[in-house]
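Spelled out from the first residue to the last, the chains are:
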Amino acid sequence: SSFIIFTMHSGFGLLESGSVSAKDEVNIMVKNVVDVVFGGIAYWSLGYGLSYGDDWYPNSFIGLGKFFYDPARQNLPVNEEGWAYASFLFQMSLATTASTIVSGAVAERAKLKSYILLGCLVILVQALPAHWVWDSNGFFFQMGVVDFAGCSAVHMVGGIIGLVATIYLKPRRNRFNEDSVHQMSSPTNALLGTFLLWWGWFGINAGSVWGITDGRWRLGGRAAVATIMSSIGGGATAIVISFVKTKKLQVNLLINGILSSIVSITALCAVSRPWHALIIGSVSAAFSIGVLPILDRFKVDDPVGIVPIHLTSSIWGMFAVGIFAEEDRHLMATGGKYGLLYGGGFKLMGIQMLCTLTILVYSATAGLIILVLISKSPLGLRVTDYEEQIGADVIEHGLAGTNIARYLVEKPLSTKTFQTVTKAITKWKMLAKARSREKRMEAARARRAQDEEEGGITEINGSPPRQNGANGIVANGGSIRQRANGAAPNGHVNGGAPNGGGRVAHVEVEMGPLPPAASPAQIDVQPAPVRRGPSRGSRTSSPPSVISLDPINPRHNPSVPRNRVAPSNDPPDIPPV
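A quick note: this is a predicted structure, and the numbers were derived from the prediction, not measured.

S.K.: So what exactly am I meant to see when it comes to unusual backbone geometry here?
M.R.: Among all residues except glycine, the phi angle is most often negative; among peptide bonds, the trans geometry is most common. We note that N174 has phi near 65 degrees; this positive angle belongs to a residue other than glycine. Within the secondary structure, N174 is located in the loop between helix 6 (151-169) and helix 7 (187-212). You can call N174 partly exposed: its relative accessible area is 36%. At K247, a position not held by glycine, the phi torsion is positive, near 65 degrees. By the element assignment, K247 lies in the loop between helix 8 (217-246) and helix 9 (251-265). Given a relative accessible area of 65%, K247 falls into the exposed group.

As structure tokens, this is what we get:
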């Protein structure tokens, strides 16, 4: 059972890392490791003695003795020494669970070194309620309180200290802004952690009953069945509420419903009937989901759901004992007292509520004192705004998380928000397609313009010309040699008529200097003699051409259409071949 409980720390780590931002997921896993490492040192040295020490002065308030625990020095018989080691291992697994609960409440805000100290002190705070409830000298134990697996001594202690800590540290930056966005770093990890916690609680509940009854497996099996039935009721209730409330199955509601139901059954698991457990788990899930909007309204930033899972459910679990408890003929765990359902009156209910109120007040006060002392110490408690924005994975461990540049907070995604995000994505895709199409059209126009320029390359001997694309219009004097594709107005034609129909192979033109005028000019251009190849058409060349030109702005010449050469009335001076 102890081994199974220690696997719960893997579940806590996965649940918490999957619920917080990705920039802090490694840090929260590390905190679950140090809960066992440094929490184990604190419990071995002092915690176990404060809970079960009876060597120096046995009393009902605090244990004294068995510090730096070593059963071999007590000269115990072999079997008793074996049970002593098993008991220590089991109780240490429960105590470190209480400190792990607090780690989820202070996630993304507490410094690592300060949290190590906080976790060790939470172990020592938990030691006293464990003495009151479970040690034979404890005053609640002598009064007949019923808490088999740590409903009050573990979950309630961790839950109330977690609530005080998250209020004292204040919310994470931008947590309750109107534009805050919810995004768990890994819902898959959170659900996998839920499975491991689910399995671990079988170890807690069954091991608690099996230990106190000297290994009677039948009663351990009863606790295991009560655990699974309670989780079934809580899971079913959470699923129904989620569908009714949001039309979808919200992951966080499912997790809260299952885990809170398992916490609530820990007090009564040894004597609970299956249908008792089903009702207790269902009510616990409803309470845990109902408290979420209350926390949001009062701006209590609980990243992992510590308050609804551990605090609310533990209070209900202790209260449920006063309703459903009945004496078992083999265990005699309730001291002959019955709950309201079986005509036992309010005596057991009163004992349960007194124990609950005492542990709440004590744990909250001790937790607040510890938080204030650590915060005022040179260590400090809360990270700076810059460190919180960058993330603990970078600051504490030198790692680069996936959400370093942004900060996402936990807020359920409503149907309206989902529709808004979907519309925004659709609009963005349409705009992206329009921009892409415009870029393609622009590229096509550029290629077409380049092709037109390449089709009218003009080489000029003399000063640089002013040229209009493929029209071959030249502003300064000199000899022009033009190569062009298309119908030839004048020149050497291969395989076609002199005027049109063929493609110009080569045209040589000699042009004199332009007249000094700012207006468009008509210039007579006399083509140089060229040799013509035989053709099937006319044996004469095309008539000389007159090029219309505006030396200032060649693009605006109203006398001549663009891309055309005005024919001259002069007779051809090229003799036929």
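Back to the text.
S.K.: Explain the packing of aromatic side chains to me, please; I cannot follow it from the model alone.
M.R.: Describing an aromatic ring pair means giving the distance of the ring centres and the angle of the ring planes. Per the counting criterion, the structure on display carries 16 aromatic pairs. Judged by centre distance (5.9 Å) and plane angle (75 degrees), the rings of Y43 and Y48 are edge-to-face. Residue Y43 is classed as buried on the basis of its relative accessible area of 2%. Residue Y48 is classed as buried on the basis of its relative accessible area, which comes to 4%.

S.K.: How should I be thinking about the side chain of S99 in this particular structure?
M.R.: Note on placement: S99 falls in helix 3 (residues 78-105). Polar side-chain contacts of S99 include one of 2.8 Å to the backbone oxygen of T96. For S99, the residues in contact, after removing those within four places along its chain, are D35, Y115, G119, V122 and I123.

S.K.: It is not clear to me how the nonpolar core should be interpreted in this structure. Could you clarify?
M.R.: Among soluble globular proteins, nonpolar side chains are generally buried collectively. In terms of nonpolar packing, the biggest core is built from 102 residues, with Y43, L118, W134 and W201 touching the most fellow members. When residues no more than four places from it in sequence are discounted, the contact partners of Y43 are Y48, Y52, F88, Q91, M92, A95 and I123.

S.K.: I tried to follow the packing of helix 6 against helix 11 (residues 306-324) on my own but got confused; where do I start?
M.R.: The relative placement of two packed helices comes down to the angle between their axes together with the axis-to-axis distance. In the contact formed by helix 6 and helix 11, the axes pass within 8 Å of each other and the chain directions differ by 140 degrees. Between helix 6 and helix 11, the angle is such that the two are oblique. By crossing handedness, the relation of helix 6 to helix 11 is classed as left-handed. Across the interface between the two elements, C151, S152, H155, M156, G158, G159, I160 and L163 from helix 6 touch I306, V307, H310, L311, S314, I315, G317 and M318 from helix 11. Classifying every residue of the contact of helix 6 with helix 11 gives nine nonpolar, seven polar and no charged.

So, how was this worked out
- Counting of residues starts from 1 at the beginning of each chain's written sequence and follows it residue by residue.
- The predicted nature of this model means local features are confined to residues of pLDDT at least 70 and side-chain atom pairs, given and counted, to a pLDDT of 80 or more, with totals for whole chains, interfaces and linings taken over all residues.
- In computing side-chain properties, one takes all heavy atoms of the structure into account and sets aside hydrogens as well as water.
- Helix and strand assignments come from DSSP, with helices taken as H or I runs of at least 4 residues and strands as E runs of at least 2, each series counted from the N terminus.
- Accessibility here uses a 1.4 Å probe with only protein chains present; expressed as a share of the type maximum, an area under 20% marks a residue as buried, one over 50% as exposed, and anything in between as partly exposed.
- A pair of aromatic rings is counted whenever rings of Phe, Tyr or Trp (Trp by its six-membered ring) have centres within 6.5 Å, and the orientation is called stacked for planes under 30 degrees apart, edge-to-face for over 60 and tilted otherwise.
- For the purposes of these results, a polar contact is taken to be a pair of N or O atoms within 3.5 Å, where, inside protein, one atom must be able to donate a hydrogen and its partner to accept one; residues adjacent in sequence count only when each atom of the pair is a side-chain atom.
- Residue contacts follow a heavy-atom distance rule, with two residues in contact if any of their heavy atoms lie within 4.5 Å.
- The criterion is simple. A nonpolar core is a set of buried Ala, Val, Leu, Ile, Met, Phe, Trp, Tyr and Cys residues joined through side-chain atoms within 4.5 Å.
- A fitted line through C-alpha atoms serves as each axis, taken over the contacting stretch for helices, and the angle formed by two N-to-C directions is quoted from 0 to 180°.
- By definition in this entry, angles of less than 35 degrees are roughly parallel, angles greater than 145 are roughly antiparallel, angles of 65 to 115 are roughly perpendicular, and the rest are oblique.
- Take the far helix as the reference: if the near one is turned anticlockwise from it by less than a right angle, the crossing is left-handed, and if turned clockwise, right-handed.
- Under the scheme applied here, ten amino acids are nonpolar (Ala, Val, Leu, Ile, Met, Phe, Trp, Tyr, Cys and Pro), four are charged (Asp, Glu, Lys and Arg), and all others, including Gly, are polar.

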